[in-house]
Number of protein chains: 2
Amino acid sequence: MKTPMHVETAFEGHLFKVQVLSWTDQQGQTITREVVRHPGAVLIVPVLDSDTVVMIRNHRIAVREELWEFPAGKLEPGEDPAHAAQRELQEETGYEASILDKLGEFYTSPGFTDELMHVFEARELTAVGQRLEAGEQIQVEHVSIERALDMIEDGTLRDGKSVAALLMWRMLKERKRLPEESRA
Amino acid sequence: MKTPMHVETAFEGHLFKVQVLSWTDQQGQTITREVVRHPGAVLIVPVLDSDTVVMIRNHRIAVREELWEFPAGKLEPGEDPAHAAQRELQEETGYEASILDKLGEFYTSPGFTDELMHVFEARELTAVGQRLEAGEQIQVEHVSIERALDMIEDGTLRDGKSVAALLMWRMLKERKRLPEESRA
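Residues numbered from 1 in each chain as written. Chains lettered and ligands numbered in written order. Predicted model: local features only at pLDDT ≥ 70, side-chain atom pairs only at ≥ 80, totals over all residues.

Draft legend 1. Molecular detail of the overall build of chain A. What chain A contains, in helices and strands, is three helices and 10 strands. The secondary structure elements of chain A, listed N-terminal to C-terminal, are β-β-β-β-β-β-β-α-β-β-β-α-α. By the burial criterion, 40% of the 184 residues in chain A qualify as buried. Across chain A, the fraction of contacts at a sequence separation of at least 24, relative to all contacts at a separation of at least 6, is 60%. (Helix = DSSP H or I, 4+ residues; strand = E, 2+ residues; numbered from the N terminus. Buried ≥ 20, exposed ≤ 12 C-beta atoms within 10 Å, placed from the backbone. Contact = placed C-beta atoms within 7 Å.)

Draft legend 2. Region of interest: the sheet that holds strand 3 (residues 30-37) of chain A. Residue and element names in this part refer to chain A. Taken in spatial order, the three strands line up as 1-2-3 in an open sheet, and their pairing is antiparallel. A single partner strand is all that each edge strand has here, and the edge strands are strand 1 (6-12) and strand 3. The sheet shows a mean angle of 20° between the axes of neighbouring strands, direction not considered. Pairing geometry for strand 1 and strand 2 (residues 17-24), over six bridges, is antiparallel. The residue bridging F11 from the neighbouring strand is V18, located in strand 2. (Pairing = 2+ DSSP bridges. Axes fitted to C-alpha atoms, helices over the stretch in contact; angles between N-to-C directions.)

Draft legend 3. Structural context of the domain arrangement of chain A. Residues and elements named next belong to chain A. Each assigned domain of chain A is listed here: domain 1 (6-37) and domain 2 (41-174). Computed from C-alpha coordinates alone, the two centres of domain 1 and domain 2 are separated by 30 Å. Facing the five residues of domain 1 at the interface are four residues of domain 2. When the residues that make up the side of domain 1 that touches domain 2 are grouped by side-chain class, the tally is three nonpolar, no polar and two charged. (Domains from an automatic or database assignment. Nonpolar A, V, L, I, M, F, W, Y, C, P; charged D, E, K, R; others polar.)

Draft legend 4. Structural detail: the confidence of the model for chain A. In the predicted model, chain A carries a mean pLDDT of 93, and 94% of its residues have values of at least 70. Across the interfaces of the predicted complex, the ipTM metric reaches 0.94, alongside a pTM of 0.94. (pLDDT = per-residue confidence, 0-100.)

Draft legend 5. Examining the interface of chain A and chain B more closely. Listed per partner, the contact involves 50 residues of chain A and 50 residues of chain B. Among the elements of the structure, strand 1, strand 2, strand 3, strand 8 (95-107), helix 2 (145-154) and helix 3 (160-174) of chain A are those that each provide at least two residues to the side of chain A that touches chain B. The element contributing the most residues to the side of chain A that touches chain B is helix 3 of chain A, with eight residues. Partitioned by chemical class, the residues of the side of chain A that touches chain B number 27 nonpolar, 11 polar and 12 charged.

Draft legend 6. A look at the pairing of strand 4 (residues 41-49) of chain A. Residues and elements named next belong to chain A. Most of strand 4 sits out of view: seven of its nine residues are buried. Sheet topology note: the strand 4/strand 9 (residues 116-127) ladder contains six bridges and is parallel. By the bridge assignment, L43 is partnered in strand 9 with V119. Two strands pair when backbone bridges link them, and strand 4 and strand 5 (residues 52-60) are joined in this way by two bridges, in the antiparallel orientation. Counterpart to V47 in the pairing with strand 5 is V53. Count of turn residues in the strand 4/strand 5 antiparallel hairpin: two residues.

Draft legend 7. Structural view of unusual backbone geometry. The backbone phi angle of R64 of chain A is positive, close to 50°, even though this residue is not glycine. Relative to the helices and strands, R64 of chain A resides in the loop between strand 5 and strand 6 (65-69). The backbone of E124 of chain B shows a phi angle near 50°, a positive value even though the residue is not glycine. Mapped onto the fold, E124 of chain B is located in strand 9 (residues 116-127).

Draft legend 8. Spatial organisation of the sheet that holds strand 1 (residues 6-12) of chain B. All names here are of chain B. Within the open sheet, the three strands sit side by side as 1-2-3. Their pairing is antiparallel. For this open sheet the edge positions go to strand 1 and strand 3 (30-37), each flanked by a neighbour on one side alone. Each adjacent strand pair in this sheet contributes to an overall mean axis angle of 20°, direction not counted.

Draft legend 9. Spatial organisation of the relation of the copies chain A and chain B. When chain A is brought onto chain B, the operation consists of a screw motion whose angular component is 180° and whose axial shift is 0.0 Å, with 0.0 Å RMSD remaining. In symmetry terms, the pair is related by a two-fold rotation axis. When C-alpha distances to the rotation axis are compared across chain A, the minimum falls at A164 of chain A, with a value of 2.0 Å. (Least-squares fit on C-alpha atoms with pLDDT ≥ 70 in both.)

Draft legend 10. Molecular detail of the nonpolar core. Ranked by internal contacts, the top residues of the largest apolar core, which has 82 residues, are L167 and M168 of chain A together with L167 and M168 of chain B. Setting aside anything within four residues of it in sequence, one finds L167 of chain A in contact with A164, L167, M168 and M171 of chain B. With 14 residues, the next largest nonpolar core counts V18 and A62 of chain A together with F16 and V35 of chain B among its residues. (Core = buried A, V, L, I, M, F, W, Y, C linked by C-beta atoms within 7 Å.)

Here you go:
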């Protein structure tokens, strides 16, 4: 019989908190798991035309590297993911989208965190100006789909959520669940 | 001018630790980032035949859900990723692979963690018996590629690293960088 789970908050930060969960399993063994509680996030695949997407080169403190990524960001408390997607798209790339469609969602690393990534496609883009937050260093790039796939293959594009999102977007296109071109 | 970065360890666990980084940017503003330091991990796409992969249904405490995933697990200190891949493949699925090829690597969520996921393809599989660790609840399933893609599309497969890995594997196949069938 499982015992009730004991939950201890071990760290409480601005972005996330850490809980240590412990319980006794059927064999009487005490199991402990460390979990990062995250508010969830959004990622946007901004489609400029049928062959081109907008990507960013993002200096990431956590890995001390500049990574190729799609624009993304965490949810504010109570924020609707579609709203967050419009906000992050504009802040990071300077584009506003007339059409925003949800492609899906996934957990980024469910072995230790509950972070859920909501993935959107953005189309009919209008340039309105980037608005970076303090501490952000981001370059905006227009990238052909073929080049983005090359970058996955050669290891240049190594942000997991962006790899998953681009290849999901492409698969859904192939399966004709997405319009062939923007309804401009 | 950037000031030197201040690093404070805020949590030290068995799986990961949390550091709070702070520095002063060019505008004189103090920037703070919370970072989860992770040992890195491996994921294996076990290919049973040209049309079928081995997947697991994994009860994940962090998200309180059973997720469809590929076998995966964290690196032990100093462990070679290929060794970890063979170990996790056997522990979680009960298969041993004669051929293991690296497909690539990606960061799972570089906005807050340095976790790097090493992705392997495993072929020529032999059943030798599952060896689960304490606290693991894992079911092994044989899944056709088409069904796995359906599961991405309908949201049944929502483990981001597994979505990225399957679609990377498929893209590399299409681009003929992987053998068409196992060399059994």
